[in-house]
2 protein chains.
Amino acid sequence: MRLAVVGAGAVGRSVVELAGEHGHEVVAVADSSSAVVADSSGSVDAEAVVTRKAERGIVGDADPADALAADYDVLVEATPTTLGDAEPGFSHVRTALERDRHVVLANKGPVAERYGDVQALAADSAGDVRFEATVGGAIPAVSTVEDIEPGHVTAVRGVLNGTANFILTRMAAEGLDYDHVLSEAQDLGVAEADPSFDVDGTDAALKCVILANVLSFGGADDPADAREFSLADASVEGIRDVPGSVLRLAAEDGRTVRLIGEATGETVRVAPRLVHENGTLAVSGTQNIVQIETTHAGRLNISGRGAGGPETASAILGDVGRLR
Amino acid sequence: MRLAVVGAGAVGRSVVELAGEHGHEVVAVADSSSAVVADSSGSVDAEAVVTRKAERGIVGDADPADALAADYDVLVEATPTTLGDAEPGFSHVRTALERDRHVVLANKGPVAERYGDVQALAADSAGDVRFEATVGGAIPAVSTVEDIEPGHVTAVRGVLNGTANFILTRMAAEGLDYDHVLSEAQDLGVAEADPSFDVDGTDAALKCVILANVLSFGGADDPADAREFSLADASVEGIRDVPGSVLRLAAEDGRTVRLIGEATGETVRVAPRLVHENGTLAVSGTQNIVQIETTHAGRLNISGRGAGGPETASAILGDVGRLR
């Protein structure tokens, strides 16, 4: 397939670097202010694009609109997640679908905040929309739920944010307080300079909202009747107020604390919870885990790397492989 | 889809009972000596078939050949696994594919012992062959490996036999010896009267052989060049000779013993191994776990129920849903 990659952060760059290995061509790349478009029969020079971005902060001399207008099969939308109207990502999705092209999302905004709008555009398009990379990084959460037929999935829960999980793991392991471990996480690049998206539970909540939409729309006979979720529907509590003392007390009882998100076809909730310290949900460090409750097959647990350029790119390229 | 279900054991009966919920029709059912075929526009009466099998030991008054000749879209092959020539299961697969129908296998024989033959028949047929239910019960092992693109999967390992795992779990938990726990397992219906298939590692080995075939054929540019695996290629050691003393010694070091199977594109090996007692591979009871090593996305772990009528039927119906 020919890919147009919009977004040249860690994820977009990894897609550009790995696409060839999966048998795909990258025909255009764009960041917020620039673009590069291959000539009619070729791909962009992946290495040159990545180097140019690193050295000059741009991917090429063209305009981002040129990438959106290029001749591609799949638009890979890997620009930063935005809330509310989910722009400019939503417009990128709409442009591609109105041109009857496929869309593969790593950007959570369109499917967390405007799921109904995205589904409506996809219904009117010859192109499909896939979004495995929006939930759980390398963990095939969305496709596994889809394969079980959402009507037969009653809930999905898990540890969905590696930054928050790393902090809680380190607090418990070392008996250190939140501020100390947050600094350590920032030094390691595991937490951002402004970590609120992760530590306040927003990132985990967006992923749960996406899963709730999959369950809700998948379980409905008519999409028009399905309840649509957005971040506003989620009950969200982060980890800023988890004191070291709670973790010490929990440990005396063989438990620890993890930031757990849960989605059903009716509710979305993210909060710190006590879990058994050797239990399935007590994954460590930046690992993620997704737990799927099914009607006939009991509980499935899938754990793995939740984030990272190559990991998320793998999820994106897996989605490209599922397109027809 | 219209299903013909061959095999009326726990798995076949569960498929008959659950197919309707998934929007499919069962048009024929056969066991080793009998069959029932619905008239031209309908399904069989699921409840009546299951009751008849329980009370009279047959599913109907027709001949098994009538089921194979019926007008179905998908043949569900759920007869007991046989080794070597994998008959009669292999012939059921060939009959369906030669009629350009799809095949969904729960029977491991054809894809463990004659993978190349099955692939060749499928290549010449309008029908596809799927076999998720042959490995890991409710765990979507095969489809997850396929989605990652097998060239990017370097190994698959795990706990793939619930009977052996139950026995080892109980030996470790209670300090009891193998013979005592085997009797308990048989009383609970977790182990068969003749448990050798499970405790000797044969069942786990067949599943690993199937996975090795998926990796080998998936990673090859030309299927004709792919190395084909069968049970004879597997190095297999079961759990009969694991003494209670080894488990006690292991526990002093924070470890335990699990029957671990591993498949790469080159080797298949099943043997009892020391694992960390709280580690990912140390699943308990009849649970299974599949660990997938990938080139770009690290390690994925998927755990869940490895066996059972409804669980395996879910895997079969999931495969039916993936057919086009």
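Because the structure is predicted, anything quoted here is derived from the model rather than measured.

**Focus on the overall build of chain A**
Move 1: Check the secondary structure of chain A and you find 13 helices and 12 strands.
Move 2: Taken over the C-alpha trace, chain A has a radius of gyration of 20 Å; the compact-globule value for 324 residues is 20 Å, and the two agree within 12%.
Move 3: For chain A, the proportion of its 324 residues judged to be buried stands at 59%.
Move 4: Considering only contacts within chain A whose residues lie at least 6 apart along the sequence, 68% involve residues at least 24 apart.
Move 5: A total of about 12700 Å² of accessible surface is found on chain A, and carbon and sulfur atoms cover 44% of it.

**With respect to the sheet that holds strand β9 (residues 255-263) of chain B**
Strands belonging to one sheet form pairs held by backbone hydrogen bonds; the direction of such a pair is parallel or antiparallel.
Move 1: In spatial order, the strands read β8(A)-β10(A)-β9(A)-β7(A)-β11(A)-β12(A)-β12(B)-β11(B)-β7(B)-β9(B)-β10(B)-β8(B); together these 12 strands make up an open sheet with mixed pairing. Looking at strand neighbours, the two that pair on one side only are β8 (235-236) of chain A together with β8 (235-236) of chain B, the edges of this open sheet.
Move 2: The sheet contact formed by strand β12 (residues 299-305) of chain A and strand β12 (residues 299-305) of chain B spans 3 bridges and is antiparallel. Within the sheet, the bridge partner assigned to A:Ile302 lies in β12(B) and is B:Ile302.

**Looking at the sheet that holds strand β6 (residues 129-130) of chain A**
Residue and element names in this part refer to chain A.
Move 1: Reading across the sheet, the 6 strands line up as β3-β2-β1-β4-β5-β6 and stay open at both edges, with mixed pairing between neighbours. Since the sheet does not close on itself, it has two edges, and those belong to β3 (35-37) and β6, each with one partner.
Move 2: The sheet contact formed by strand β1 (residues 2-6) and strand β2 (residues 25-30) spans 5 bridges and is parallel. By the bridge assignment, alanine 4 is partnered in β2 with alanine 28.
Move 3: Each of β1, β4 (74-77), β5 (102-105) and β6 touches helix α13 (residues 309-322); the most contacted strand, β5, lies at about 155° to it.

**Quick notes on the packing of aromatic side chains**
Move 1: In total, this model carries 4 aromatic pairs over all chains according to the counting rule given.
Move 2: Ring centres of B:Tyr115 and B:Phe131 lie 6.0 Å apart, and the angle between their planes is 90°; on these two criteria the pair is classed as edge-to-face. Of this pair, B:Tyr115 sits in helix α6 (residues 115-123) while B:Phe131 sits in the loop between β6 (129-130) and α7 (141-147), and the two are 16 residues apart along the sequence.
Move 3: Its relative accessible area of 5% is what places B:Tyr115 among the buried residues.
Move 4: An aromatic cluster of at least three residues, connected via ring pairs, comprises A:Tyr115, A:Phe131 and A:Phe217.
Move 5: Positioned above the aromatic ring of A:Tyr72 is the side chain of A:Arg101, whose terminal nitrogen or guanidinium carbon lies 5.6 Å from the ring centre.
Move 6: A cation sits over an aromatic face here: A:Arg114 above A:Phe90, 3.6 Å from the ring centre.

**Some details on the pairing of β2(A)**
Residue and element names in this part refer to chain A.
Move 1: Most of β2 is tucked away: 5 of the 6 residues are buried.
Move 2: With helix α1 (residues 10-18) bridging β1 and the parallel β2, this β-α-β connection has right-handed handedness.
Move 3: Sheet topology places β2 next to β3; 3 bridges connect them, and they run antiparallel. Paired with valine 29 across the two strands is valine 36, which belongs to β3.
Move 4: Taking the residues between adjacent antiparallel strands as the criterion, β2 and β3 are bridged by 4 residues.

**Quick notes on the interface of chain A and chain B**
Move 1: Contacts between the two partners involve 30 residues from chain A and, on the opposite side, 30 residues from chain B.
Move 2: For the pairing of chain A and chain B, the buried interface totals around 2400 Å² over both sides, and the portion due to carbon and sulfur atoms is 48%.
Move 3: Put simply, A:Arg322 and B:Asp147 hold a salt bridge, and the shortest N to O gap is 3.1 Å.
Move 4: Linking chain A with chain B are 8 residue pairs in polar contact (both at pLDDT 80 or more).
Move 5: Secondary-structure elements contributing two or more residues to the side of chain A that touches chain B are α7 (141-147), β12 and α13 of chain A.
Move 6: For the side of chain A that touches chain B, the element with the highest residue contribution is β12(A), accounting for 7 residues.

**Focus on the domain arrangement of chain A**
Residues and elements named next belong to chain A.
Move 1: Its domain assignment divides chain A into domain 1 (2-137 + 311-322) and domain 2 (142-305).
Move 2: Between the C-alpha centres of domain 1 and domain 2 there is a distance of 26 Å.
Move 3: Facing the 19 residues of domain 1 at the interface are 20 residues of domain 2.
Move 4: Roughly 1700 Å² is buried in total at the junction of domain 1 and domain 2, and carbon and sulfur atoms are behind 66% of that figure.
Move 5: At the surface where domain 1 touches domain 2, the tally comes to 3 salt bridges.
Move 6: Glutamate 146 serves as the salt-bridge partner of arginine 130, at 3.2 Å between the closest nitrogen and oxygen.

Parameters and conventions
- Residues numbered from 1 in each chain as written.
- Chains lettered and ligands numbered in written order.
- Predicted model: local features only at pLDDT ≥ 70, side-chain atom pairs only at ≥ 80, totals over all residues.
- Heavy atoms only, no water.
- Helix = DSSP H or I, 4+ residues; strand = E, 2+ residues; numbered from the N terminus.
- Rg over C-alpha atoms; globule rule 2.2 N^0.38 Å.
- Buried < 20%, exposed > 50% of the residue type's maximum accessible area, 1.4 Å probe, protein only.
- Contact = heavy atoms within 4.5 Å.
- Areas by Shrake-Rupley, 256 points an atom, 1.4 Å probe, with all protein chains shown as cover.
- Pairing = 2+ DSSP bridges.
- Axes fitted to C-alpha atoms, helices over the stretch in contact; angles between N-to-C directions.
- Phe/Tyr/Trp six-rings, centres within 6.5 Å; stacked < 30°, edge-to-face > 60°.
- Lys NZ or Arg CZ within 6 Å of the ring centre and 35° of its normal.
- Right-handed = clockwise from strand over helix to strand, strands pointing away.
- Buried area = accessible area lost by both parts, 1.4 Å probe.
- Salt bridge = Lys/Arg side-chain N within 4 Å of Asp/Glu carboxyl O.
- Polar contact = N/O pair within 3.5 Å; in protein donor to acceptor, adjacent residues only side chain to side chain.
- Domains from an automatic or database assignment.

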